[in-house]
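Here is what each chain is made of, one letter per residue.
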Amino acid sequence: MMSAHEHHEHEHAHDHGAHDHSAHDHGAHDHAAMGHDPLRFRKLFWICLALTLPTVVFSTGLQDILGLAGPRFPGSNWIPAVFGTAIVVIGGRIFLQGAWHELRGKSPGMMTLISLAIVVSFGYSLAVLFGIPGMDFWWELATLVTIMLLGHWIEMSAVHGAQNALGELAKLLPDEAEVVRGDDTERVAVSALAAGDQVLVRPGSAIPVDGKVVDGSAEVDESLLTGESAPVEKSEGDRVVAGTIASGSLTVEVTGTGDDTALAGIMRLVSDAQASRSPAQLLADRAAALLFYVAVGAAVVTVAVWWLLRPDDPAFVLQRVVAVLVIACPHALGLAIPLVAQISTALGARRGILIRSRAALEEAKDVDVVLFDKTGTLTEGRQSVAAVIAADGVDEDEALALAAAVETRSEHPVGHAIVEAARDRGTKVPKATGFRALAGRGAVATVGGRELAVASGRYVNEHGIRLDTSLVHAAKAAGAEGASTVALVEGAEGSERVLALFAIADRVRPESREAVELLRRRGVRVAMLTGDSHVVAEHVAAELGIDEVKAEVLPEQKADAVAALQGDGAARVAMVGDGINDAPALARSDLGIAIGAGTDVAIESAGVVLASSDPRGVADTITLSRASYRKMLQNLWWAAGYNAIGIPLAAGVLAGVGFLMPPALAAVLMSASTVIVALNAQLLRRLRFHRG
């Protein structure tokens, strides 16, 4: 049987119309298409279990072994054969079909080994039924198929659960939307919407499309996209994403539907990551392929040795061969990596960690240095008021309210920062009249009869305006911390007075310090890269506790900075940037992490995309990578160790001390090994991303 990874990969390729695979790929895809889902295995298991009970009860071979005299009536000796044959036809067919596809694809494995055991057991039992001396195998054949179906049912349930992450994401999208038609609304299928349509989103319902808010305001739960539970305030002009939940009523203009939505992009990333291969997967695949030949070789040696030792007991020899073929099935080995990968990529997606390839996730565990771009990554990438310094006799809140009144109609980032600061403080902003922007110098307006200007240092110097001594010292201190200052000036020209200074700086994200601490706790060095001045860079680095700083770096020099940290491969570097001008550095690093991507989930230069702007996601990525790799190693050791011990036991190496493994027990152990690997992978769901 193909691994869970292959199962998903070929379905994925099929969905995207890929037809350039090899014969092996086609065979594997056809195998996947046969319906290896848990419901089918469950149905076959219960049917075969019902058929197995009379097979076991009326089997003379088992009765002879147990020394029992079972029920007898004319024709009862045919019951094991009839029911056993039915079990092979009903339950064994799925394994035989799988073997046919494996052999046609020249990749014999799990299904081929099971089918060999079934065919050999069935052929021998049939021969005994028609007169060849020996003990039939009907009851063992029946229990073998039934136990195999049970094991596959449990395993496929685990695989199905891991793959269902995409289905859960798809369920977030509603099927219908309310389109605004003049004063009325009309319910239509989401698939019928087009760009430019306006849809009404009612409180508590999911937003059906990507779009822009044209009316209303509401808090929107974007946790599916960013992994953060705190809702985000959305109002007119803000972008919203399909599948997110609005707490209030919004009218949204459609910008993307169906495959063009951010959610669809996330689903493609998750699907591609689950279908991709990693070094550990390639190792497991080679081991599983090799194990088929090891099993066949062991079966041949078993036949040769036991035929020489017990030539008069072909049933015994057959038991050993079937036990070897069954217990050597590389199912656990084939499942060891793919199931962990399925769960880890789904787990990451739910936290806003979008893995573009499994190899990228595997590389994250080995990162020695994380290099953060400053602007838009450790900082918010937008201007904010770091401090308000009022002149003597001026109230700080009043000064902020007056400045915000002047800037209310301004389009400049500094004006937006002042207005936002006033709103954050809950300051009541008065109305202004006569607003006029001064290019490169600020803005002026009249507020409550007072002539006011929010002006740059150039304006202050050009007008020869004197500052209080306290304000001069404050301006110098702000400059030393990497902030610029603007002044609130009152009065007509020639009699102007500075009421207050506002220190404007790129705000450091409140989560950035914890992000640095989390990485250090994991034994990872942290460095910072920026095009800003050394003064600004050193101030931000000191605030966050970062020792290694590279400042005044031009965008085209960022890749060289990454190479310098790598030191000819001595250190593995993860570059974290916003993906705008960091593409060369992201590509040059050992692991590129694009942060704050939001709805832009197709950043080609990054191996990992963090949908939110929270830099703590970098530490979460490393935590997920290390936990996933531990699970992979545990599963590989278990699967390989189980086969190393199980094959010799099945062959009969302990026959001298009286232990012989029946084929049915071999089937139990093989299925148990597979189930243990599946359950161990499921434990990854309990992973905790420790934050302060």
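Here the residue numbers are simple positions, counted from 1 along each chain's written sequence. Where totals are concerned, whole chains, interfaces and linings use all residues; where local detail is concerned, this predicted model gives features only for residues with pLDDT of at least 70, and gives and counts side-chain atom pairs only at 80 or more. Excluded from the side-chain calculation are hydrogens and water; included are all heavy atoms of the structure.

Visitor: Quick question: what am I supposed to make of the environment of Ala571 here?
Guide: Working definition: helices are DSSP H or I runs of at least four residues, strands are E runs of at least two. Numbering for both runs from the N terminus. Counting through the fold element by element, Ala571 comes out in the loop between helix H23 (558–566) and strand S20 (573–577). Burial classes: relative accessible area under 20% of the type maximum marks a residue as buried, over 50% as exposed, and values in between as partly exposed (1.4 Å probe, protein chains only). Under the relative-accessibility criterion, Ala571 is labelled buried at 10%. Separated by 204 residues in sequence, Ala571 and Val367 have C-alpha atoms that sit 7.7 Å apart.

Visitor: Help me understand the packing of aromatic side chains in this model?
Guide: Pairs of aromatic rings are described using the distance from one ring centre to the other and the angle between the two planes. For Phe, Tyr and Trp, where Trp contributes only its six-membered ring, two rings pair if their centres lie within 6.5 Å, and the inter-plane angle classes them as stacked under 30 degrees, edge-to-face over 60, or tilted in between. Per the counting criterion, the structure on display carries 5 aromatic pairs. Ring centres of Phe122 and Trp138 lie 5.7 Å apart, and the angle between their planes is 75°; on these two criteria the pair is classed as edge-to-face. Highlighted residues: Phe122 in helix H7 (residues 110–129) and Trp138 in helix H8 (residues 138–170), separated in sequence by 16 residues. In this structure Trp138 comes out as buried when scored by relative accessible area, which is 2%. These aromatic residues form a ring-pair network of at least three members: Phe45, Trp46 and Trp153.

Visitor: I keep staring at the sheet that holds strand S15 (residues 450–455) and nothing clicks. Help me out?
Guide: Adjacent strands of a sheet form backbone hydrogen bonds with each other and so pair up, either parallel or antiparallel. When DSSP locates at least two bridges between a pair of strands, those strands are taken to pair. Taken in spatial order, the 6 strands of this open sheet run S12-S17-S16-S15-S14-S13, and their pairing is antiparallel. Here the strands that pair on one side only, and so sit at the sheet edges, are strand S12 (379–390) and strand S13 (432–438). Neighbour to neighbour, the strand axes of the sheet diverge by 20° on average, direction disregarded. Note: S12 against strand S17 (residues 497–508), 8 bridges, orientation antiparallel. Bridge pairing in S17 places Gln383 opposite Asp506. Residue contacts follow a heavy-atom distance rule, with two residues in contact if any of their heavy atoms lie within 4.5 Å. The convention used is that axes are lines fitted to C-alpha atoms, helices contributing only their stretch in contact, and that angles between N-to-C directions extend from 0 to 180 degrees. Sitting on the sheet, helix H20 (residues 469–480) is in contact with S12, strand S16 (484–490) and S17, with an inclination near 15° to S17.

Visitor: So what exactly am I meant to see when it comes to the sheet that holds strand S4 (residues 210–215) here?
Guide: A sheet is described by the order of its strands in space; here 6 strands give the open sequence S2-S1-S3-S9-S4-S7, paired in antiparallel fashion. Two strands lie at the open edges of the sheet, namely strand S2 (184–189) and strand S7 (239–240), each paired on one side alone. In this sheet, strand S3 (residues 198–201) lies alongside strand S1 (residues 176–181) in antiparallel orientation, the contact comprising 2 bridges. Its bridge partner being in S3, Val179 is matched across the sheet by Val199.

Visitor: Hey, could you run me through the UniProt feature "transmembrane region" (unreviewed entry) in the protein in this one?
Guide: UniProt positions are given in the numbering used here, feature names are shortened, and annotations may be inferred rather than shown by experiment. In the numbering used here, UniProt assigns the "transmembrane region" (unreviewed entry) feature to residues 44–66, 78–96, 108–131, 137–154, 287–309, 321–341, 636–659 and 665–684. Each end of residues 78–96 is marked by a C-alpha atom, and these two atoms are 24 Å apart; helix forms 84% of the span and strand 0%. Across residues 636–659, helical content stands at 67% and strand content at 0%; the span's end C-alpha atoms are separated by 27 Å.

Visitor: Would you explain the side chain of Thr55 in this entry?
Guide: Locating Thr55 in the fold gives a position in helix H3 (residues 38–57). At a separation of 2.7 Å, a polar atom in the side chain of Thr55 contacts the main-chain carbonyl oxygen of Leu51. Residues contacting Thr55, with those up to four places away along its chain left out, are Pro80, Phe83, Gly84, Ile87, Trp138, Trp139 and Ala142. N or O atoms closer than or at 3.5 Å make up a polar contact, with two conditions inside protein: a donor-capable atom paired with an acceptor-capable one, and, for residues adjacent in sequence, both atoms drawn from side chains.

Visitor: Before we go on, may I ask you to explain the nonpolar core in this structure?
Guide: For soluble globular proteins, nonpolar side chains are generally found buried alongside one another. Residues grouped as a nonpolar core are buried Ala, Val, Leu, Ile, Met, Phe, Trp, Tyr and Cys residues, joined through side-chain atoms within 4.5 Å. Phe95, Met148, Leu149, Val370 and Leu519 are the most contacted members of the largest nonpolar core, which totals 104 residues. Per element, the largest residue contribution to this core is 12 residues, and it comes from helix H25 (residues 616–651). Val444, Val460, Ala487 and Ile504 belong to the second largest nonpolar core, which has 39 residues in total.

Visitor: Just checking my understanding: could you explain the packing of H25 against helix H26 (residues 663–682) for this structure?
Guide: Packed helix pairs are characterised by how far apart their axes lie and by the angle those axes make with each other. At their nearest, the axes of H25 and H26 sit 9 Å apart, and the two run at 175° to each other. It follows that H25 is roughly antiparallel to H26 by the angle criterion. Mapping the contact onto sequence places Lys631, Gln634, Asn635, Trp638 and Tyr642 in H25 and Leu669, Met670, Ser673, Ile676, Val677, Asn680 and Ala681 in H26. Working definition: roughly parallel below 35 degrees, roughly antiparallel above 145 degrees, roughly perpendicular at 65 to 115 degrees, and oblique for all remaining angles.

Visitor: When you look at a nonpolar patch on the surface in this model, what are you seeing that I'm missing?
Guide: For patch detection, residues must exceed 30% relative accessible area and be free of salt bridges, and they are connected within 9 Å for like charges or within 5 Å for nonpolar side chains (Val, Leu, Ile, Met, Phe, Trp, Tyr). The Shrake-Rupley method, run with a 1.4 Å probe, gives the accessible areas here. Residue values count only the displayed protein chains as cover. Counted as salt bridges are all cases of a side-chain nitrogen of Lys or Arg within 4 Å of a carboxyl oxygen of Asp or Glu. Taken together, the side chains of Val653, Leu654, Val657, Phe659, Leu665, Val668 and Leu669 define a hydrophobic patch exposed on the protein surface, amounting to about 560 Å² of accessible area. Within the fold, Val668 resides in helix H26. Given a relative accessible area of 37%, Val668 falls into the partly exposed group.

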